[in-house]
Amino acid sequence: MPDKQWRLGNYEILGEIGRGGRGVIYRARQRHSRRIVALKRVIAYQADSHDTLVRFRREAEASASLDHPNSLPIYEVGESEDGLPFFSMKFATGGSLQQVGPALRTEPRQCVQLMVKVSRAVEYAHSQGILHRDLKPG
């Protein structure tokens, strides 16, 4: 995890939120607006693959094109000083499904309402020609 002073473009990195096969997601603060965001960037050791960089940029551009109430908006798509692509998006304060899942086990109505929101967002993305290839229960 980076130290408190680590910066990426116009963002101060506050800590790591999660990690996937190609990218890492950080909680970050936009320096000028002071807005807290989620910032996703390609993992450095994956950056030597041209295909990985192309897929990551395509993901950022596709996500930025979506406008739906159940999808997090993309604020900025950019490239860091070291040439690695990143994008920033609205920070979801509610946590992941994996974190809130145990509390929802006794609340079937809330579970259904939540899954309806997820389903609507995925359906909207599909209607825009975007296929999410990494949906997970968490």
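See the structure shown above.
This structure is a prediction, so every number in the text was calculated from the model and none was measured.

A. A look at the packing of aromatic side chains. If you walk through the whole model with that rule in mind, you get 3 aromatic pairs. Look at Trp6 and Tyr26: their rings are 5.4 Å apart centre to centre, the planes differ by 70 degrees, and that puts the pair in the edge-to-face class. You can see Trp6 sitting in the segment before β1 (7–8) and its partner Tyr26 sitting in strand β3 (residues 23–30), a full 20 residues away along the chain. Classification of Tyr26 by relative accessible area gives buried; the value is 8%.

B. Highlighting the side chain of Lys40. By the element assignment, Lys40 lies in strand β4 (residues 36–42). In this structure the side chain of Lys40 is engaged in a polar contact, spanning 2.9 Å, whose partner is the side chain of Glu59. Once residues lying within four places of it in the same chain are set aside, the contact partners of Lys40 are Gly23, Val24, Ile25, Phe56, Glu59, Pro85, Phe86, Phe87 and Met89.

C. Up close: the side chain of Ser80. Secondary-structure assignment places Ser80 in the loop between β5 (74–79) and β6 (85–90). Not counting residues up to four positions away in its chain, the partners in contact with Ser80 are Leu8, Arg41 and Phe86.

D. Seen up close, the nonpolar core. In this structure, Leu8, Tyr11, Ile13, Val24, Tyr26, Ala28, Val37, Leu39, Ile43 and Phe86 together form the largest nonpolar core, which totals 10 residues. Of all the secondary structure elements, the ones that give two or more residues to this core are β2 (11–19), β3 and β4. With 3 residues, β3 is the largest single contributor of residues to this core. Counting 9 residues, the second largest nonpolar core, distinct from the first, contains Ala38, Ile74, Phe87 and Met89.

E. Representation of the pairing of β4 within the structure. Buried residues dominate β4, accounting for 6 of its 7 residues. In terms of strand pairing, β3 meets β4 through 7 bridges, oriented antiparallel. Within the sheet, the bridge partner assigned to Val24 lies in β4 and is Arg41. Between the antiparallel neighbours β3 and β4 lie 5 residues, among them Arg34 with a positive phi of about 70 degrees. Inspection of the sheet shows β4 paired to β6 by 5 bridges, in the antiparallel sense. If you follow Val37 over to β6, its bridge partner there is Lys90.

F. Spatial organisation of helix α3 (residues 108–127). In this model α3 runs 28 Å from its N-terminal to its C-terminal C-alpha over 20 residues, within 8% of the 28 Å that 1.5 Å per residue would give. Those residues of α3 lying buried are Ala121, Val122, Tyr124 and Ala125. Along α3, the residues classed as buried sweep out an arc of 160 degrees about the axis, all on the same side. Turned more than 90 degrees off the buried face of α3, the exposed positions are Pro108, Arg109, Val112 and Arg120. Just past α3, the residue Gly129 takes up positive phi, approximately 80 degrees.

Rules of the game
Residues numbered from 1 in each chain as written. Predicted model: local features only at pLDDT ≥ 70, side-chain atom pairs only at ≥ 80, totals over all residues. Heavy atoms only, no water. Phe/Tyr/Trp six-rings, centres within 6.5 Å; stacked < 30°, edge-to-face > 60°. Helix = DSSP H or I, 4+ residues; strand = E, 2+ residues; numbered from the N terminus. Buried < 20%, exposed > 50% of the residue type's maximum accessible area, 1.4 Å probe, protein only. Polar contact = N/O pair within 3.5 Å; in protein donor to acceptor, adjacent residues only side chain to side chain. Contact = heavy atoms within 4.5 Å. Core = buried A, V, L, I, M, F, W, Y, C linked by side-chain atoms within 4.5 Å. Pairing = 2+ DSSP bridges. Expected span 1.5 Å × (residues − 1). Arc of directions from axis to C-beta.

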